[in-house]
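Read off the chains here:
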Amino acid sequence: MIQRQQQQLHHGAFGMHPLLQNPPPGTVLIRPPSRRSKMMNNNNNNNNRKKHHWTHNVLRIRLATTVDDMDIANLRLSVFSNYSHQVRQVFCSRSCQVLANRRIRGATCLVATVPTAVPLDGRTGGGGGTGDDRQDLVLGSVECSVHEFDGTQLGRRRLPNSVLYITEVAVNPVYRRCGIGSTLLKGVDELASIRKVESLYLHVDVENEAALALYAKAGYSVVEASEPMYQEFTTSLNLHDGATQGRRHHLLCKHLTTRPTWLNDNNETNNNNNNNRAKNTNDNVDDDYNNDAAATATALPRTRSIGFEIPAK
């Protein structure tokens, strides 16, 4: 009985979501280049090509485990510097609860890590390490989820679990512009390949030129904003024009197959019933970032980040 209670605390009261076992937490998706690849890169660098940052030779992307939650929470808060220690503690505690709740609904985090044995140029690494005997330090993270599509036209037009929503892309400010963000996106592609995902979607602030350039380089393109299906999806996430402090967002998409599957009206009806059942099953789970304020007071920043940034208070 005690062991079962511990498992429920670890995986949530409803057990581990099936998606989290495909592949299981801790699975490495992107490994550092081999010694031969490093030698080839060095030869290319000698031919007047841009040198890789040192992290390129040791960086790996793996699926996060619950042990990483506090590092991820600290990382998401790392863009803030003017909040008190108490506020930061409350934020991180709440963020860990949100991570656990979203995990129940199938959300998966990827982390970019480097070994603790590698000196970080005299700097402390990670998103605010836990001070334990961890074997790696978290320098970046990204979250992939499916439940955002539940109950939406876009979700009804696609096969179950054939789409992923990308959010909470975060890189330690000290180690930005080192290729960590692009490597994280490659990790997302690897996860999508394992799960046979056909399309990836994400939102980004229209003024975030750095993120737009990164996503374009990774193969994402802006979808037609006037399409009702996409308008409804964006509105369902409260990211429509003016909803978040007057900001505007692009919806971006990357198809991983030349012929993604789109369901017709008959299939859409059946899929709609499945989506609604999934949505109703999880209505009691307080997972959404838009509800943070009620639980943590208005002094805290919102936790949803869009393209390397977390909206201010």
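Residues numbered from 1 in each chain as written. Predicted model: local features only at pLDDT ≥ 70, side-chain atom pairs only at ≥ 80, totals over all residues. Heavy atoms only, no water.

So, the overall build of the protein: which residues are in play, and what are the values?
Secondary structure summary: the protein contains ten helices and eight strands in total. Considering the protein as a whole, with its 313 residues, one finds that 46% of them fall into the buried category. In the protein, the proportion of contacts linking residues at least 24 apart, taken out of those at least 6 apart, comes to 81%. Put simply, the protein shows about 16,000 Å² of open surface, and 48% of that area lies on carbon and sulfur atoms. (Helix = DSSP H or I, 4+ residues; strand = E, 2+ residues; numbered from the N terminus. Buried < 20%, exposed > 50% of the residue type's maximum accessible area, 1.4 Å probe, protein only. Contact = heavy atoms within 4.5 Å. Areas by Shrake-Rupley, 256 points an atom, 1.4 Å probe, with all protein chains shown as cover.)

How would you summarise unusual backbone geometry if you had to cite specific residues and measurements?
Put simply, Asn-22 and Pro-23 share a cis peptide bond, and its omega is -10°. A positive phi is found at Glu-168, a non-glycine position, where the angle reads about 55°. As for its placement among the helices and strands, Glu-168 is situated in strand β5 (residues 163–171). The phi dihedral of Arg-177 is positive, around 60°, even though this residue is not glycine. Among the structural elements, Arg-177 can be located in the loop between β5 and α6 (180–194). Since its relative accessible area comes to 79%, Arg-177 is described here as exposed.

Got a sec to walk through the packing of aromatic side chains? Specific residues and values, please.
Under the counting rule described, the total for this entry stands at seven aromatic pairs. With centroids separated by 5.7 Å and ring planes inclined at 80°, the aromatic side chains of Tyr-165 and Phe-233 adopt a geometry described as edge-to-face. Pair noted here: Tyr-165 is in strand β5 and Phe-233 is in helix α8 (residues 228–236), with a separation of 68 residues, a long-range link. Each of the two residues, Tyr-165 as well as Phe-233, counts as buried. When the centroid spacing of 6.4 Å and the interplanar angle of 45° are considered together, the rings of Tyr-201 and Tyr-230 count as tilted. One end of the pair, Tyr-201, is in strand β6 (residues 199–205); the other, Tyr-230, is in helix α8, with 29 residues separating them in the sequence. In this structure, Tyr-201 and Tyr-230 share a single accessibility class: buried. (Phe/Tyr/Trp six-rings, centres within 6.5 Å; stacked < 30°, edge-to-face > 60°.)

I'd love a proper account of α8, names of residues and values included.
Taken together, the buried positions of α8 are occupied by Met-229, Tyr-230, Phe-233 and Thr-234. Within α8, the buried residues cover an arc of 130° as seen down the axis, which keeps them to one side. Contacts from the buried residues of α8 go to α5 (153–156), β5, β6 and β8 (249–255). Once α8 finishes, Asn-238 follows within two positions and takes phi at roughly 60°, a positive value. (Arc of directions from axis to C-beta.)

Please give an account of the sheet that holds β6 that cites residues and values.
Note on sheets: strands pair through backbone hydrogen bonds, and any given pair is parallel or antiparallel. Taken together, the eight strands give an open sheet; going across it, the order is β1-β2-β3-β4-β5-β6-β8-β7, and neighbouring strands pair in mixed fashion. Looking at strand neighbours, the two that pair on one side only are β1 (28–30) and β7 (221–222), the edges of this open sheet. Pairing between strand β2 (residues 60–63) and strand β3 (residues 108–115): four bridges, direction antiparallel. The residue of β3 that forms the bridge with Leu-63 is Leu-110. Packing of helix α7 (residues 209–217) onto the sheet brings it into contact with β5, β6 and β8, and relative to β6 it is tilted by some 165°. (Pairing = 2+ DSSP bridges. Axes fitted to C-alpha atoms, helices over the stretch in contact; angles between N-to-C directions.)

Hey, could you go over the state of the cysteines for me, with residue numbers and the actual values?
Tallied over the full model, the rule gives zero disulfides. The closest cysteine sulfur to the non-disulfide-bonded Cys-109 is located on Cys-144, 8.1 Å from its own sulfur. According to the relative accessible area criterion, Cys-109 is buried, its value standing at 10%. (Disulfide = S-S within 2.5 Å.)

Give me the lowdown on the environment of Asn-57, citing residues and values where you can.
Summarising the element assignment, Asn-57 is placed in the loop between α2 (35–46) and β2. Judged by relative accessible area, which is 30%, Asn-57 ranks as partly exposed. C-alpha of Asn-57 to C-alpha of Val-114: the two residues are 57 residues apart in sequence and 9.3 Å apart in space.

Provide a residue-level description of the packing of helix α3 (residues 69–77) against helix α4 (residues 85–104), including the pertinent values.
At a closest axis distance of 9 Å, the pairing of α3 and α4 adopts a crossing angle of 120°. One finds that α3 runs oblique with respect to α4. For the element pair α3 and α4, the recorded crossing hand is right-handed. Judged by residue contacts, Asp-69, Met-70, Ile-72, Ala-73, Asn-74, Arg-76 and Leu-77 of α3 engage Arg-88, Phe-91, Cys-92, Ser-95, Cys-96, Leu-99 and Arg-103 from α4. Its residues assigned to classes, the contact of α3 with α4 comprises eight nonpolar, two polar and four charged. (Parallel < 35°, antiparallel > 145°, perpendicular 65-115°, else oblique. Left-handed = near helix turned anticlockwise from the far one by under 90°. Nonpolar A, V, L, I, M, F, W, Y, C, P; charged D, E, K, R; others polar.)

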